[in-house]
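# Commentary on secondary and tertiary structure
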Amino acid sequence: MKSDDAEPRLATERDGYTNYDPSKLTTEMVTGAAVYDQNDEHIGEVSKLLLNDAGEITQAVIDVGGFIGLGEKPVALAMSELNILRETDGDDLRVYVDQTKETLEALPEWSDKG
């Protein structure tokens with residue numbers, strides 16, 4: 001289950017982390033990853049990845065806000081809106097978005113019900 005968005009994203013510089021090749025991503029790798037804004041503020045986590053009929057990752061559902069799992073709001077973002085970095089000397093993945101927590105919380109709530 002790979003990302004259909006194999007185009008490299010803009011380089012995101014973070015100490016100890018480098019851009020990760022989106023064509024090598026799997027749902028298992030990204031689900032549960034911490035999501036950060038441009039200022040390195042933790043704003044949520046990836047709760048689910050959405051796939052197209054070919055099994056390619058097209059969107060990520062980000063749980064934003066809340067406290068210890070309560071009051072979180074799930075919103076869907078296209079994979080092209082995410083910068084995914086992997087720890088240089090480890091396996092930790094981080095997801096960075098250009099939006100603020102408030103911007104994401106203003107998006108429509110994602111629901112898997114028709």
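Read on for an overview of the structure.

### Describing the overall build of the protein chain
In terms of regular secondary structure, the protein chain is built from two helices and seven strands. Taken from N to C terminus, the helices and strands of the protein chain fall in the order β-α-β-β-β-β-β-β-α. Buried positions account for 38% of the 114 residues belonging to the protein chain. Residue pairs in contact within the protein chain that sit at least 24 positions apart in sequence constitute 48% of those at least 6 positions apart.

### Quick notes on the pattern of salt bridges
One pass over the structure, following the stated rule, counts two salt bridges. The closest approach of N and O atoms between Arg94 and Asp92, which form a salt bridge, is 3.8 Å. Among the residues examined, Arg94 registers a relative accessible area of 22% and is labelled partly exposed. On the basis of relative accessible area, Asp92 is assigned to the partly exposed category, the value being 34%.

### A few points about the pairing of strand 3 (residues 42-51)
Pairing of strand 2 (residues 34-36) with strand 3, which is carried by three bridges, proceeds in the antiparallel orientation. Considered in strand 3, the bridge of Val35 is made with Gly44. Here strand 3 runs beside strand 4 (residues 57-64); their pairing, made up of seven bridges, is antiparallel. Of the residues in strand 4, the one forming a bridge with Gly44 is Val64. Linking strand 3 to strand 4, which pair antiparallel, is a turn of five residues; within it Gly55 sits at a positive phi near 85 degrees.

### So, the nonpolar core
Core analysis: the biggest nonpolar cluster contains 21 residues, and Val30, Val46, Ile62, Met79, Leu82, Ile84 and Val95 have the highest contact counts within it. Residue assignment for this core shows that the elements contributing at least two residues are strand 3, strand 4, strand 5 (73-78), strand 6 (82-87) and strand 7 (93-97). Here Ile62 is in contact with Val35, Glu45, Val46, Lys73, Pro74, Val75 and Leu77, once residues within four sequence places are set aside. Counting residues in each nonpolar core, the second largest holds five residues, with Tyr17, Ala34, Tyr36 and Leu85 among its members.

Rules and cut-offs
- Residues numbered from 1 in each chain as written.
- Predicted model: local features only at pLDDT ≥ 70, side-chain atom pairs only at ≥ 80, totals over all residues.
- Heavy atoms only, no water.
- Helix = DSSP H or I, 4+ residues; strand = E, 2+ residues; numbered from the N terminus.
- Buried < 20%, exposed > 50% of the residue type's maximum accessible area, 1.4 Å probe, protein only.
- Contact = heavy atoms within 4.5 Å.
- Salt bridge = Lys/Arg side-chain N within 4 Å of Asp/Glu carboxyl O.
- Pairing = 2+ DSSP bridges.
- Core = buried A, V, L, I, M, F, W, Y, C linked by side-chain atoms within 4.5 Å.

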